[in-house]
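Examination of the molecular architecture
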Amino acid sequence: MGDNMSKRLKLISATEAEMEERSFPNPHPDWDQGLLTSTSGADVDYNEPFDAEGKVSASFQKKVQNKIKDLLQQMEEGLKTADPHDFSTYTGWTGIALLYLQLYRVSQEASHLQRALDYVKRTMRILNGRKVTFLCGDAGPLAVGCSGPPQIEQHCRQQGLSVQAPPAAARWELTQVDEDTITKVVTAIVESGKNMSAEQKKTDRCPLLYEWHKKQYIGAAHGMAGIYYMLMQPGAKVHPDILAELVRPSIDYVRHKKFRSGNFPSSLSNESDRLVHWCHGAPGVIHMFIMAHKVFKEEKYLKEAAECAEVIWQRGLLRKGYGICHGTAGNGYAFLTLYKLTQEKKYLYRVCKFAEWCLAYGTHGCRIPDRPYSLFEGMAGTIYYLSELANPEASCFPAFEL
Ligand SMILES: [Zn+2]
């Protein structure tokens, strides 16, 4: 037994070491409800950066605004050496255009809209018709071009660009395309999930199953949680029977794959509890639970979401950097979305603490991403996240939350 025990201890400490390797220990104290309600006089402590009224303090907002300006300058400088042909939402110019549209929404400054338009024009010159997805293909730039403020739409139409939807761009179609096309795409997604589930003999346990590159991924970017999330969108108009009989049991199947830590595996075949990213792990799966709570009105989904938020708070300050796909800002969106749902100050506080971490961009010795200024991997995503502080109620994970 002694031997076994020491083996087990070794195993545990190896796992812990690996977890540690991927994230920084969170140095921030967690939200303290007692502090907010304390009335014990002038020397009372508040949950920094909240003020006495329980609002995000003006000085913190100012710091965030200044950092946005500073990072925008760095980003523009850095983009001079970025790949001129990458028009994608994920790592290319469309992502940058989306950032400027967001900054325009938040600030109403015309210069941001002008920038967005410049980047959209740029993408329109280099589309290649090879892929049709929103994040990596032509659909992203076309949708951004056609759905933004009128000036952008007008420009796209002047160029004679087609606004017809390519068939596989599910995320785009939910916002842009006629109902008929949405129905076709949604039906294709449901059928494909049913077929895969039947093939794997999982119809009873997980009626909608998907794989990508031969793996059954779970996360928001490549996996089942992202697909179920989209199917539950009101705009997808999935029939309530399909939601109840196919989507819901599949969500419960994923629910039972949870690690003891509260995190989720990256794929059904992966047993290691390592990644706490939007793309793989709890920070993506949480969006599925929040949507499931809205659709099925069951408390258990909200409880799952709250548990995801705990592991993100513990292990969400990532060594991989500050981006939204696999970085601290993307993890911060989990708190934003939960805050929007629950109105609990605790989550807004955590949003601020992750933002505070991002204010020290570049000082933690994080890995530098391949596309360091892009929307999904790099600085543009961090700026996007910081810009949400101005109006958290209206926040939306770019190209994901609708
Ligand atoms: Zn990622």
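Residues numbered from 1 in each chain as written. Predicted model: local features only at pLDDT ≥ 70, side-chain atom pairs only at ≥ 80, totals over all residues. Heavy atoms only, no water.

**Points about the coordination of the zinc ion**
- Within the protein, the zinc ion binds to Cys 279 (SG), Cys 325 (SG) and His 326 (ND1); these donor distances fall in the range 2.0 to 2.2 Å.
- Counting the intervening residues between successive donors of the zinc ion yields the motif C-x45-C-H. In this pair, Cys 279 sits in the loop between helix 11 (240-255) and helix 12 (282-296) while Cys 325 sits in the loop between helix 13 (299-315) and helix 14 (328-342), placing the two residues 46 residues apart along the sequence. Grouping residues by exposure puts Cys 279 and Cys 325 together as buried. (Donors = N, O, S within 2.8 Å, 3.2 Å for Na, K, Ca; no water. Helix = DSSP H or I, 4+ residues; strand = E, 2+ residues; numbered from the N terminus. Buried < 20%, exposed > 50% of the residue type's maximum accessible area, 1.4 Å probe, protein only.)

**Some words on the nonpolar core**
- In this structure, Met 75, Tyr 228, Ile 251 and Ile 312 are the most contacted members of the largest nonpolar core, which totals 112 residues.
- A total of 10 residues in this core trace back to one element, the largest contributor, which is helix 15 (residues 345-359).
- Those residues in contact with Ile 312 that lie beyond four places of it in its chain are Val 276, Ala 282, Pro 283, Ile 286, Asn 331, Ala 334, Phe 335 and Phe 354. (Core = buried A, V, L, I, M, F, W, Y, C linked by side-chain atoms within 4.5 Å. Contact = heavy atoms within 4.5 Å.)

**Structural notes on the pattern of salt bridges**
- All told, the structure shown has 21 salt bridges when counted by the stated rule.
- A salt bridge links Lys 258 to Glu 304, with the shortest nitrogen-to-oxygen separation between them at 3.0 Å. Placement of the pair is Lys 258 in the loop between helix 11 and helix 12 and Glu 304 in helix 13, with a sequence separation of 46 residues.
- Classification of Lys 258 as partly exposed rests on a relative accessible area of 25%.
- A residue is classified by how much of its surface remains accessible, and Glu 304, at 8% relative accessible area, is buried.
- Between Lys 303 and Glu 307 there is a salt bridge whose closest N-O contact spans 3.5 Å. Taken as a pair, Lys 303 and Glu 307 lie in helix 13 at a separation of four residues, close to a single helical turn.
- Lys 303 gets classed as exposed once you look at its relative accessible area, which sits at 56%. (Salt bridge = Lys/Arg side-chain N within 4 Å of Asp/Glu carboxyl O.)

**Things to note about the packing of helix 3 (residues 58-79) against helix 16 (residues 379-387)**
- Where helix 3 meets helix 16, the closest approach of the two axes is 10 Å, and the angle between their N-to-C directions is 160 degrees. With respect to their mutual orientation, helix 3 and helix 16 come out roughly antiparallel. The two elements helix 3 and helix 16 meet at a crossing, and its hand is left-handed. Here helix 3 contributes Val 64, Lys 67, Ile 68, Leu 71, Leu 72, Gln 74 and Met 75 to the contact with helix 16, which in turn contributes Met 379, Ala 380, Ile 383, Leu 386 and Ser 387.
- The residue makeup of the contact of helix 3 with helix 16, split by class, is nine nonpolar, two polar and one charged. (Axes fitted to C-alpha atoms, helices over the stretch in contact; angles between N-to-C directions. Parallel < 35°, antiparallel > 145°, perpendicular 65-115°, else oblique. Left-handed = near helix turned anticlockwise from the far one by under 90°. Nonpolar A, V, L, I, M, F, W, Y, C, P; charged D, E, K, R; others polar.)

**Side note on the UniProt feature "binding site: Zn(2+)" (unreviewed entry) in the protein chain**
- The UniProt record annotates "binding site: Zn(2+)" (unreviewed entry) at Cys 279, Cys 325 and His 326. The annotated residues occupy 48 residues of the chain but converge on a single region, no pair of C-alpha atoms lying more than 6.3 Å apart.
- If sequence neighbours within four positions are ignored, Cys 325 has contacts with Tyr 90, His 277, Trp 278, Cys 279 and Phe 376.
- With a relative accessible area of 16%, His 326 lands in the buried category.
- What His 326 contacts, discounting residues up to four positions off in sequence, is Tyr 90, His 277, Cys 279, Leu 318, Lys 320 and Glu 377. (UniProt positions renumbered as here; feature names shortened; annotations may be inferred.)

**Observations concerning helix 12**
- With 15 residues, helix 12 should reach 21 Å at 1.5 Å per residue; the first-to-last C-alpha distance of 20 Å fits that figure.
- Along helix 12, 13 of the 15 residues are buried, which leaves the element largely enclosed by surrounding structure.
- One or two steps after helix 12, the chain reaches Lys 297, where phi turns positive at roughly 55 degrees. (Expected span 1.5 Å × (residues − 1).)

**With respect to unusual backbone geometry**
- Of note, the bond from Glu 48 into Pro 49 is cis; its omega dihedral lies within 30 degrees of zero at 5 degrees.
- Inspection of the secondary structure puts Pro 49 in the loop between helix 2 (33-37) and helix 3.
- Even without being a glycine, Gln 108 presents a positive backbone phi close to 60 degrees.
- Take Gln 108: it is sitting in the loop between helix 4 (93-107) and helix 5 (110-126).
- Residues other than glycine seldom take positive phi values, yet Lys 214 does so here, at roughly 70 degrees.
- Tracing the backbone shows Lys 214 in the loop between helix 9 (179-199) and helix 10 (224-232).

**Concerning the packing of aromatic side chains**
- Per the counting criterion, the structure on display carries 24 aromatic pairs.
- Aromatic side chains Phe 264 and Phe 289 sit 5.7 Å apart centroid to centroid with 50 degrees between the ring planes, which places their arrangement in the tilted category. With Phe 264 in the loop between helix 11 and helix 12 and Phe 289 in helix 12, this pair connects stretches of sequence that are 25 residues apart.
- On the basis of relative accessible area, Phe 289 is assigned to the buried category, the value being 0%.
- Here the aromatic cluster, defined as three or more aromatic residues joined through ring pairs, consists of Tyr 90, Tyr 229, Trp 278, Tyr 333, Phe 376, Tyr 385, Phe 397 and Phe 400.
- In this arrangement the basic side chain of Arg 122 is found over the ring face of Trp 93, its NZ or CZ atom lying 3.8 Å from the centre. (Phe/Tyr/Trp six-rings, centres within 6.5 Å; stacked < 30°, edge-to-face > 60°. Lys NZ or Arg CZ within 6 Å of the ring centre and 35° of its normal.)

**Section: the confidence of the model for the protein chain**
- Within the protein chain, residue pLDDT values average 87, and 85% of them lie at 70 or more.
- Low pLDDT, under 50, characterises residues 1-5; the predicted model gives this stretch zero contacts beyond four residues in sequence or across chains.
- Every residue in residues 161-175 is under pLDDT 50, and counting partners more than four places away or in other chains gives 43 contacts. (pLDDT = per-residue confidence, 0-100.)

**Here we look at the environment of Ile 227**
- The topology assignment puts Ile 227 in helix 10.
- Along the primary structure Ile 227 and Val 190 are separated by 37 residues, whereas in three dimensions their C-alpha atoms are 9.6 Å apart.
- When near neighbours in sequence (up to four residues on either side) are disregarded, Ile 227 contacts Ile 189 and Tyr 210.

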